[in-house]
Amino acid sequence: MSAENQVSSAAVGEAESMTVSEQIQQRELAHSVGVYSKRPVAIVRGQGARLYDADGREYIDCIGGQGSSNVGHANPAVARAITEQAGILIGCPELFFNDKRAAVMERLCALTGFPRVFLSNSGTEAMEAGIKFARLLTGRTEIIAFMRGFHGRTMGALSATWEKKYRGPFEPLVPGFKHVAYNDLEALRAAISNETAAVLLEVVQGEGGVNPGKAEFLAGVQALCLENGALLVLDEVQTGFGRTGKMFAFQHNGLQPDILCVAKSIAGGVPMGATFLAAHLPDLPSQVHGSTFGGNPLACASALAVLDYIEANHLPEHAAELGTWFRGQLSQIQSPLIREVRGLGLMVGMELKQKVTPYLQALMQEGVMALPAGLTVLRFLPPLVISKDELARVVAAVEKVLSGEGGTGAEA
Ligand SMILES: *Cc1c(COP(=O)(O)O)cnc(C)c1O
């Protein structure tokens with residue numbers, strides 16, 4: 001036997017003692033650049049609000065593709081739309097017109113009340129377009145964002161993102177960005193001027209800890225933008241498409257953004273982003289921005305199916321009702337570890353007095369996938385098709401884990 005064969009048969013022997021999930025993990029790790037911190041589980045299938053790993057274990061999904069799976073996994077209507085469109089036309093750059101794109105632009109504009117939209121492929125691209133459009137339209141360069149805000153990872157959006165861990169390694173970032181405290185109108189009043197191009201705002205901060213904006217604050221931001229001729233750019237990448245109990249979070253407060261950015265759940269998990277311009281803004285000069293994949297017919301067909309599904313199944317109303325119930329149930333859990341339960345609709349955070357990592361691991365042992373938001377907040381972003389029974393199981397798992405019965409040895 002050659003040395004080479006000995007090595008490979010040893011590798012096979014080792015592989016045989018690993019679960020399928022572990023083998024997949026090892027293969028990915030061998031070729032990844034290292035930027036992700038992954039959980040030791042290989043997810044191979046989903047159904048509604050359930051996920052399944054390669055070893056057949058079932059989980060209730062409160063990660064929801066980080067907010068991109070509002071219509072649920074393997075949604076049959078979305079699967080059908082994608083399959084059909086794949087056999088017709090997948091790509092069609094915007095040097096042509098396209099039937100599916102025309103249809104989705106009409107639908108999106110009717111839904112948001114905005115007359116015009118630019119289509120892209122992700123949240124960060126939607127924000128990137130928002131920032132560029134605001135600079136173009138105002139002729140100003142200064143952008144104000146908020147502390148704990150998250151807007152994406154490309155250089156423009158990253159410049160608006162607060163977290164030092166994401167920004168620090170890539171400085172110098174784009175000049176002209178400032179950060180002020182969230183839910184603090186006086187801080188914004190002190191920072192904004194007639195040199196401000198835009199204020200970038202999340203109605204509920206997601207990554208930053210599930211922090212809902214107070215009604216007076218949100219209205220005040222709008223007013224300060226108006227007074228200073230700055231554009232209000234809303235980042236509804238995470239809050240859009242029913243998540244907070246309305247189709248869009250700005251509809252809770254009667255906010256009137258000048259530019260609206262969405263992505264995540266817009267096309268049921270197929271990559272897509274969109275940036276809307278308010279009626280009072282002029283068209284942009286030809287060729288100043290663009291995207292090869294933006295507005296591709298596959299994503300557009302998927303988005304059309306998603307919008308139909310959300311409306312036909314009243315997912316925003318479902319998110320409002322279940323979210324209120326879920327937050328109520330979580331609030332009733334008796335544990336000295338809990339600082340606060342907060343959120344809007346099915347965007348829910350539970351702030352602990354300790355780091356959440358061990359509790360996230362313990363929840364996974366209990367068959368529940370949840371997210372962190374910062375170091376101390378457990379975040380729940382389930383697909384909006386989740387049932388009350390499934391959420392009741394999540395509540396029971398959280399209760400068990402926080403009472404120290406979850407078996408992590410994490411209880412302090
Ligand atoms: C996820 C997210 C983004 C970035 O979206 P990507 O698709 O990951 O680029 C931007 N803003 C908010 C509020 C988000 O939650």
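Residues numbered from 1 in each chain as written. Predicted model: local features only at pLDDT ≥ 70, side-chain atom pairs only at ≥ 80, totals over all residues. Heavy atoms only, no water.

Side note on the state of the cysteines
Tallied over the entire structure, the rule returns zero disulfides. Its sulfur unpaired, cysteine 92 is 9.3 Å from the next cysteine sulfur, which belongs to cysteine 300. (Disulfide = S-S within 2.5 Å.)

Comments concerning the layout of surface pockets
Space inside the second largest pocket adds up to approximately 700 Å³. What lines the second largest pocket is a set of 26 residues, among which Glu94, Met105, Val117, Phe118 and His289 lie closest to the centre. Those elements that provide at least two residues to the lining of the second largest pocket are helix H5 (99-112), strand S4 (116-120) and strand S12 (273-277). For the lining of the second largest pocket, the element with the most residues is S4, which contributes four residues. By residue class, the composition of the lining of the second largest pocket is 14 nonpolar, eight polar and four charged. (1 Å grid on protein atoms, 1.4 Å probe; cavity = no way out; pocket = protein on both sides within 12 Å on 5 of 7 lines; lining within 4 Å. Points joined across faces, edges and corners; volume = space filled by probe spheres on them. Helix = DSSP H or I, 4+ residues; strand = E, 2+ residues; numbered from the N terminus. Nonpolar A, V, L, I, M, F, W, Y, C, P; charged D, E, K, R; others polar.)

Observations regarding the sheet that holds strand S17 (residues 377-380)
Hydrogen bonds between backbone groups are what pair the strands of a sheet, and the pairing can be parallel or antiparallel. As summarised here, the arrangement of the four strands in space is S13-S14-S17-S16, forming an open sheet in which the pairing is antiparallel. The sheet is open, and its two borders are formed by strand S13 (338-344) and strand S16 (371-373), each paired with just one other strand. Mean inter-strand twist for the sheet, computed between neighbouring axes without regard to direction, equals 30 degrees. Judged from the six bridges that link them, S13 and strand S14 (residues 347-352) form a sheet pairing that is antiparallel. (Pairing = 2+ DSSP bridges. Axes fitted to C-alpha atoms, helices over the stretch in contact; angles between N-to-C directions.)

Examining the site of the ligand
Contacts to the ligand come from Ser122, Gly123, Thr124, Phe150, His151, Gly152, Glu202, Asp235, Val237, Gln238 and Lys264. A distance of 2.8 Å separates an oxygen atom of the ligand from a polar atom in the backbone of glycine 123. Taken by itself the ligand offers 380 Å² of open surface, and the protein chains cover 82% of this. Of the residues belonging to the shell around the ligand, the class tally is two nonpolar, six polar and three charged. (Near = heavy atom within 4 Å. Polar contact = N/O pair within 3.5 Å; in protein donor to acceptor, adjacent residues only side chain to side chain. Areas by Shrake-Rupley, 256 points an atom, 1.4 Å probe, with all protein chains shown as cover.)

Points about the domain arrangement of the protein chain
Each assigned domain of the protein chain is listed here: domain 1 (18-73 + 315-402) and domain 2 (89-312). For domain 1 and domain 2, the distance between their C-alpha centroids amounts to 26 Å. Listed as interface residues are 28 residues of domain 1 and, on the opposing side, 26 residues of domain 2. Where domain 1 packs against domain 2, one counts one salt bridge. For arginine 379, the salt bridge identified is with glutamate 207, shortest N-O distance 3.3 Å. Of all the secondary-structure elements, those providing two or more residues to the side of domain 1 that touches domain 2 are helix H3 (64-67), helix H13 (315-331), S13, S14 and S17. Ranked by the residues each element gives to the side of domain 1 that touches domain 2, the list is headed by H13, at five residues. Residue composition of the side of domain 1 that touches domain 2, by class: 16 nonpolar, nine polar and three charged. (Domains from an automatic or database assignment. Contact = heavy atoms within 4.5 Å. Salt bridge = Lys/Arg side-chain N within 4 Å of Asp/Glu carboxyl O.)

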